[in-house]
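Next come the chains, spelled out residue by residue.
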Amino acid sequence: MEKLRVGIILGGMSSENEVSLNSGRNVYDNLDREMYIPVPVFMHHNGGLWVIPWQLVSQNTTVDVSDHLEKEARHIPYEQLKEEIDFAFIALHGKYGDDGCIQGLLELLGIPYTGSGILASALGMDKHIQQKILRWGGIDVPRSIVVPEYEWRNNKKALEKQIHDTFGFPLVTKPTREGSSMGVTIVRDAGALDDGINDALEWDNAVLVEEYLDGIEFSSIVIEEDGEPKALSLTEIYPQSEFYTYDDKYMPGRCRKFTPPKNIPADVVARIKEEVVRAYKVLGFRSYGRIDGFLAHDGRVLITDPNSSSGMAPSSFFFEQAAESGMLPSMIISKLIELSLTIHKEKRGPL
Ligand SMILES: Nc1ncnc2c1ncn2[C@@H]1O[C@H](COP(=O)(O)OP(=O)(O)OP(=O)(O)O)[C@@H](O)[C@H]1O
Ligand SMILES: [Mg+2]
């Protein structure tokens, strides 16, 4: 049987391109060579695609990779991608990578890929719209108000009053469409609100203002098994910063994480797993996803951040939870590829 050529798409156009390089490199290292041929495909920050030699996968930053492209890599016009790969393992994160854009391109080209389709990917990225859908699906989410940039510029006083009256402090401000905690602030008092909102507006043209949740943060990988989504183990998170920041997420040894959880009783873990699977289904995610949330002190399970994809670094939740279920990185990667191929075959249309 011919081996499948798996294009590992890494880099990209978002604020998370360095995180993606790390993810892609790890997928490259762990892809089962008995079954697949890895083809590293680097997405330049201008959107261009390049097939890169494996040596470039080990470069430190996407800027370093970019410096070598002209001499050592091959530029691939979009329509030629299907001559190069049979399957796309999307190791991109954030805008253009998680949000339906690359998924749309791959649908046009007829290339099967990991993760959700266009609509669900877009929903996974948009924290405002996903909350509306989750609420509609009976899932508990934090109270929130969306603040579009033009409203903040034109009606600041009225909005400030509405925010004070609705939440009190602390509260959380975040860009509606970002990842890796970019632009997230815990706003402790009224004097810090303006900075929090302006920080988030650096990343997007709308800000989500949310009630602050005090409790235990968790993350759960959901992956399909014979068409039925199932939660792997659950991870309980104890950041060292005031919340789970970029540094906590990616600096080695910085954050305490417990898989399975230490401080959440088994019956509550079971309830959380049910909720994350419900959230996955309500948003129409396919193949896999990573659903984050909080167990509040009053026992409520709130979903704060359903993601249609996951980090793929060695210590990412994806591999940590797979290990807990007895799967090596190569095993879970193969499983994800095979189930994504099946899902793609059964699809009727691109969503
Ligand atoms: N309502 C909230 N109350 C308390 N802390 C929050 C709240 N919302 C977010 N946080 C903190 O901010 C972090 C980042 O927020 P969020 O999960 O929404 O961002 P993200 O950028 O999409 O992250 P990821 O890269 O993991 O997808 C959370 O992990 C959590 O620690
Ligand atoms: Mg997220």
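Described in the following lines is the structure provided in the data block.

Conventions and cut-offs
- In this convention, every chain numbers its residues from 1, walking through the sequence in written order.
- In the order they appear in the text, chains get letters beginning with A and ligands get numbers beginning with 1.
- Totals for whole chains, interfaces and linings use every residue, but because this is a predicted model, local features are given only for residues with pLDDT of at least 70 and side-chain atom pairs only at 80 or more, for both listing and counting.
- Values reported for side chains reflect all heavy atoms of the structure, with hydrogen atoms and water molecules removed beforehand.
- Note: two strands are recorded as paired if DSSP finds a minimum of 2 bridges between them.
- Secondary structure follows DSSP: runs of H or I at least 4 residues long count as helices, runs of E at least 2 residues long count as strands, and numbering of each begins at the N terminus.
- Helix axes use the C-alpha atoms of the stretch in contact, all axes being lines fitted to C-alpha atoms, and the angles between their N-to-C directions lie in the range 0 to 180 degrees.
- Each metal site lists N, O and S donors within 2.8 Å (3.2 Å for Na, K and Ca). With water left out of the atoms, a site can look as if it is missing ligands.
- The buried label goes to any residue with under 20% of its type's maximum accessible area, the exposed label to any with over 50%, and the partly exposed label to all in between, with areas taken from a 1.4 Å probe on protein chains only.
- Should an angle lie under 35 degrees it is considered roughly parallel, over 145 roughly antiparallel, and from 65 to 115 roughly perpendicular; all remaining angles are considered oblique.
- By definition, residues are in contact when any of their heavy atoms lie within 4.5 Å.
- We call Asp, Glu, Lys and Arg charged. Ala, Val, Leu, Ile, Met, Phe, Trp, Tyr, Cys and Pro are nonpolar, and the rest, Gly among them, are polar.
- Any residue with a heavy atom lying within 4 Å of a molecule or strand is counted as near it.
- Two N or O atoms form a polar contact when they lie within 3.5 Å of each other; inside protein one atom must be a possible hydrogen donor and the other a possible acceptor, and for residues adjacent in sequence the pair counts only when both atoms belong to side chains.
- Using a 1.4 Å probe, the Shrake-Rupley method yields the accessible areas, and only the shown protein chains count as cover for residues.
- Residue ranges for the domains originate in an automatic or database domain assignment.

Quick look at the sheet that holds strand β11 (residues 228–238)
Pairing in this open sheet of five strands is antiparallel, and the strands run β12-β11-β10-β13-β14 from one edge to the other. The outermost strands of the open sheet, each flanked by one partner alone, are β12 (256–258) and β14 (301–307). Neighbour-to-neighbour, the strand axes of the sheet open up by a mean angle of 30 degrees, direction not taken into account. Pairing geometry for strand β10 (residues 215–225) and β11, over eight bridges, is antiparallel. Looking at the pairing, Val222 lines up with Ala231 of β11.

Points about the coordination of the magnesium ion (ligand 2)
Taken together, the protein ligands of the magnesium ion (ligand 2) are Asp305 (OD), Asp305 (OD) and Asn307 (OD1), with distances of 2.2 to 2.7 Å. We note that Asp305, like Asn307, is buried.

As for the packing of helix α1 (residues 17–30) against helix α3 (residues 62–72)
Running from N to C, α1 and α3 point in directions that differ by 75 degrees, and their axes come no closer than 9 Å. In terms of orientation, α1 lies roughly perpendicular with respect to α3. On the side of α1, the interface is formed by Asn17, Glu18 and Leu21, while α3 contributes Thr62, Val63 and Val65. Here the contact of α1 with α3 is composed, by residue class, of three nonpolar, two polar and one charged.

Quick word on the site of ligand 1
Lining the immediate environment of ligand 1, one finds 21 residues, of which Lys127, Ser180, Ser181, Glu217 and Arg290 sit closest. Here an oxygen atom of ligand 1 and a side-chain polar atom of Lys127 are 2.5 Å apart. For ligand 1, a nitrogen atom lies 2.8 Å from a polar atom in the side chain of Glu210. With the chains in place, 96% of the 610 Å² that ligand 1 exposes on its own is no longer accessible. Mapped onto the shell around ligand 1, the elements with two or more residues apiece are β7 (171–175), β9 (206–211), β13 (288–296) and β14. Looking at the shell around ligand 1, the element that brings in the most residues is β13, giving three residues. Each of domain 2 (124–140 + 214–346) and domain 3 (144–211) accounts for three or more of the residues forming the shell around ligand 1.

Things to note about the sheet that holds strand β8 (residues 185–187)
Spatially, four strands are ordered β6-β9-β7-β8 in an open sheet, and the strand pairing comes out antiparallel. Edge positions in the sheet fall to β6 (144–148) and β8, since each has one partner strand and no second. With strand direction ignored, the average angle separating the axes of adjacent strands in the sheet is 25 degrees. Here β6 pairs with β9 via five bridges, running antiparallel. Among the inter-strand pairings, Val147 is bridged to a residue of β9, identified as Val207. Contacts from helix α9 (residues 156–167) reach β6, β7 and β9 within the one sheet, and its direction differs from that of β6 by about 165 degrees.

Keep in mind these values describe shape, not function.
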